[in-house]
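Residues per chain, in single letters:
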Amino acid sequence: MVILQAIIDGILVGGFYALMACGLTLVFGVMEIVNFAQGILVVLGAYLSYALYSHLRVDPFLSLLITIPGMFLVGIAVYWTMIKPIGQDRVIMSLLTMFAVGTIIEGILDLVFTSNLVQTSTSYENSSLRVGPLIFPYVYLYAFAMSAVLLGGLYLLLYRTRFGRSLRAAMQNTTAARLVGINTDWVSAFTLGIGVGLAAAGGMVFGLTNSFDAASSYDLISRLLAIVIFGGFGSLGGALIASIVMLVIEDVVAVVWSPTWGQTTFYIVLIIILLLRPQGLMGRRAVRAQ
Amino acid sequence: MKVDRQAGVRRRRRTLGMWAAGAAALALAAGCSSSSPSSSAASKSSAPITIGVSVSLSGDFSGDGLATKQGYETWAAFQNAHGGILGRQIRLDFLSDGSSPTQVVTNYQKLITVDHVNFVLGPYSTLLTKPSSVIANRYGYVMLEGIGGGPSVFQQGLHNVFDVSASAKYQLITFAKWLAATHKPEDVAYASMTDPFLQPMLDGARAYLTAHGFKSVVYKLYPLETTDYTPIASAIAASKAPVVVLGTMPPDGYAFIQDFIQDKYNPQILIEASGPDQGAAFVKAVGAKNTGGIMVPNTWFPGSTYYQNAQMVSLYLKMFGGTANNISADVAEAFSAGQVLTQAVDHIGNTSNAALETYLHSGATFQSVQGPVQFASDGENQAATPFVFQWQNGTLQDVLPPGVAHPVPVMAVKPAWGAGG
């Protein structure tokens, strides 16, 4: 039963990790840049939700109505001011640029919020649903449901809208997309905006379930990168599956064996998968087939 | 001939002048040399005594790092208002290490070799104290510290490191002795971060309790970078152990309590190494109605009557605000290190680190806000007596050991979650 509880916990937590990882992999798929600032953008989302709740008593889930659009605009602004000017040699330069963006954001957050650990503490954070011997914390159930809605919305956006067709075209071949008249700059800007907006949602849940400060981003970005590599760069489905697999492996190993080996076991699995499928679970070849 | 004699006189005058200038330059150079480990005992300088410290103002230790800095600042302000050390004002030179063992080494090297501080005081945590003490030793500096008591610090074979607080393996002994003396052997669940200070704390208590018949039903160690404690908490909850001993830092300490509440698991006795001692931050994280009965070891509390404690509390509140109960023990630990430095330097009468080290090893007893301090040969404080505190009715009370200070009775069973108490 302890193992089953660990699997359930892994799936619930994996849900909101999928949000953060999907934002990261989407940006890579369209723009071929690794958004090293994704971790700190998640923490920024956490701080925004925390501030809205602490000062204005806006429920964290409702705060997404403010933070997602706001950070969407931040993503667009970052693209036009930082990424677009890089021009053709953007793969290497974008790594440094986004790292710099992350460092700047971290410094600002440290200045505004100091290095004291904070957490968004709501009335329902400690409540849970008991089904037999199994426990389902409400905050994780709500987060999983929210993740499902947002990822479902993202799917509809990508596969049922004109913008989605443009985005997928840019993911397949940016030059060809330009040739058929797609404004790839705006597609890229909107994609980065969506990625950052998803970070806001993931950050809200992160802030509800963890004590955090600006430095929490370092652990986050390393885990998100591992998830994206495991799932395959540019694959949303891969990011979703990889998130859940990673968290389930960690949690099951933690209870069966030792928490010290939880992450290590995941990375061992990651290496084995990459040896067999270098592009990840649903990597680039699968993306081109979409 | 007359001309030759005048030329000779001029040559002799130039020669003498050159020798005089050279001697003056040498004297000037000697006078300008920094007051490093070999500073003259007879120096009557009125220049400030500079003390270098690396503090964790960001990273995993940022909460405690800030409290550590405040402790040193409080001590410096107090001591400067009372004439400083050797009649000289104290100037603290802080560098931030980001909770990084690599950065802390760089910091102390800079403080010693570039800034040429007179003394150094220790950083936060065993993880950072261990490499720092090596650097200090390399340059002949004493490392007086109050927050780095893991066994690995004292196993390095260095003679320059001195911990004014109780070392790690003894921090939970008072609790373990109380449990063994008042309870029949029962199941105990343990979990700890793999930290060089926290794990020895837990293992020290576990060894004592196991030797007294208490069965270890869960023993989980997790790395520093763990963010999801749910599976560990679930495993402890599934064991239904009535006693839970956790080697935690504040973020995981709060997370475990939240997970226990979600799992509807209420241990009868719960003690955490760190977290419940963070005052308002702890209450805010877990909820005021969930604090009752939770225990935490500590080497200090605001109401203690130990040396200069009342003045420290008063000055800290004046400088940083808040309430006495919200003062972190890190403040007292840092303040204590400063107190011992003051007493020792005043005794030796100079800023020589070599003389300081000799005196600290002499068996002399010092007084601090944490009680008496006397160093064993390996630098541990062999006179330390750790306390145990327990949240009762919204206040962190000293409960153990009985008979020291003014303890209140221990709440033998923790109230249910949400019941207050």
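Along each chain, the written sequence defines residue order, and numbers are assigned to residues from 1. By the order in which they are written, chains take letters starting at A while ligands take numbers starting at 1. The predicted origin of the model limits local features to residues at a pLDDT of at least 70 and limits the giving and counting of side-chain atom pairs to 80 or more, whereas totals for whole chains, interfaces and linings rest on all residues.

K.L.:
Could you give an account of the overall build of chain B, with specific residues and numbers?
P.N.:
Only DSSP runs of H or I covering at least 4 residues are called helices, and only runs of E covering at least 2 are called strands; the numbering of each starts at the N terminus. Looking only at helices and strands, one finds 13 helices and 14 strands in chain B. In this scheme every C-beta is placed from the backbone, and a residue whose C-beta has 20 or more other C-beta atoms within 10 Å is buried, one with 12 or fewer is exposed, and one in between is partly exposed. Across the 421 residues in chain B, those meeting the buried criterion constitute 52%. Counted over contacts in chain B with a minimum sequence separation of 6, partners at least 24 positions apart contribute 72%. For the purpose of contact definition, each residue receives a C-beta atom placed from its backbone, and two residues are in contact when these atoms lie within 7 Å.

K.L.:
Tell me about the overall build of chain A, residues and numbers included.
P.N.:
A count of helices and strands for chain A gives twelve helices and two strands. Traced from its N-terminal end to its C-terminal end, chain A shows the element sequence α-α-α-α-β-β-α-α-α-α-α-α-α-α. We compute the radius of gyration from the C-alpha atoms alone; for a globule the expected value is 2.2 Å times N to the 0.38, where N is the number of residues. Taken over the C-alpha trace, chain A has a radius of gyration of 19 Å; the compact-globule value for 290 residues is 19 Å, and the two agree within 12%. Expressed as a percentage of the 290 residues in chain A, the buried residues total 53%. For chain A, restricting intrachain contacts to residue pairs at least 6 apart in sequence, the fraction spanning at least 24 positions comes to 77%.

K.L.:
Pulling in residues and values, what's your account of the sheet that holds strand β2 (residues 90–96) of chain B?
P.N.:
Sheet strands associate in pairs through backbone hydrogen bonding, adopting either a parallel or an antiparallel arrangement. Residue and element names in this part refer to chain B. Taken in spatial order, the five strands of this open sheet run β2-β1-β3-β4-β5, and their pairing is parallel. In the strand order of this sheet, the two ends are held by β2 and β5 (161–163), each with one partner. For this sheet, the mean angle separating the axes of adjacent strands, direction not counted, is 25°. Contacts between helix α2 (residues 62–81) and the sheet are confined to β1 (49–55), β2 and β3 (119–121), with β2 contributing the most and set at about 170° to the helix. Pairing between strands requires that DSSP locate at least two bridges from one strand to the other. Think of each axis as a best-fit line through the C-alpha atoms, taken over the contacting stretch in the case of a helix, with angles from 0 to 180 degrees between the N-to-C directions.

K.L.:
I'd like to hear about the pairing of β1 of chain B, residue by residue, with values.
P.N.:
Residue and element names in this part refer to chain B. With respect to burial, β1 is a largely interior element, seven of its seven residues being buried. Alternating positions in β1 separate into two faces, Ile49, Ile51, Val53 and Val55 on one and Thr50, Gly52 and Ser54 on the other, with burial throughout. The pairing of β1 with β2 spans seven bridges and is classified as parallel. Pairing of Gly52 across the sheet is with Asp93, part of β2. Here the term right-handed applies to a crossover when the path leading from its first strand over the helix to its second strand runs clockwise, the strands being oriented away from the viewer. Crossover handedness for the path β1 to α2 to β2: right-handed. Judged from the three bridges that link them, β1 and β3 form a sheet pairing that is parallel. Of the residues in β3, the one forming a bridge with Gly52 is Val120.

K.L.:
If you had to explain the pairing of strand β6 (residues 187–193) of chain B to someone new, which residues and values would you point to?
P.N.:
All names here are of chain B. Counting buried residues along β6, six of its seven residues qualify, which places the element largely inside the surrounding structure. Where β6 meets strand β7 (residues 215–222), seven bridges bridge the pair, whose relative direction is parallel. Bridge pairing in β7 places Ser192 opposite Leu221. In this fold, the crossover linking β6 to β7 by way of helix α7 (residues 198–211) has right-handed handedness.

K.L.:
Describe the interface of chain B and chain A, listing the residues and the values that go with them.
P.N.:
Each partner contributes residues to the interface: chain B has 33 residues there, and chain A has 29 residues. The dominant element in the side of chain B that touches chain A, judged by the number of residues it contributes, is helix α9 (residues 250–262) of chain B, at seven residues. Note that Gly is not counted as nonpolar here; it falls among the polar residues with everything else outside the nonpolar set of Ala, Val, Leu, Ile, Met, Phe, Trp, Tyr, Cys and Pro and the charged set of Asp, Glu, Lys and Arg. Taken together, the residues of the side of chain B that touches chain A break down into 15 nonpolar, eleven polar and seven charged.

K.L.:
Outline the domain arrangement of chain B, supporting the account with residue identities and numerical values.
P.N.:
Residue and element names in this part refer to chain B. Looking at the assigned domains, one finds that chain B contains domain 1 (49–167 + 304–373) and domain 2 (170–299 + 386–400). Look at where the C-alpha atoms of domain 1 and domain 2 centre, and you get two points 28 Å apart. It is helix α4 (residues 126–138) that contributes the most residues to the side of domain 1 that touches domain 2, three residues altogether. Residues that form the side of domain 1 that touches domain 2 fall into these classes: five nonpolar, twelve polar and three charged. Boundaries of every domain are those given by an automatic assignment or by a domain database.

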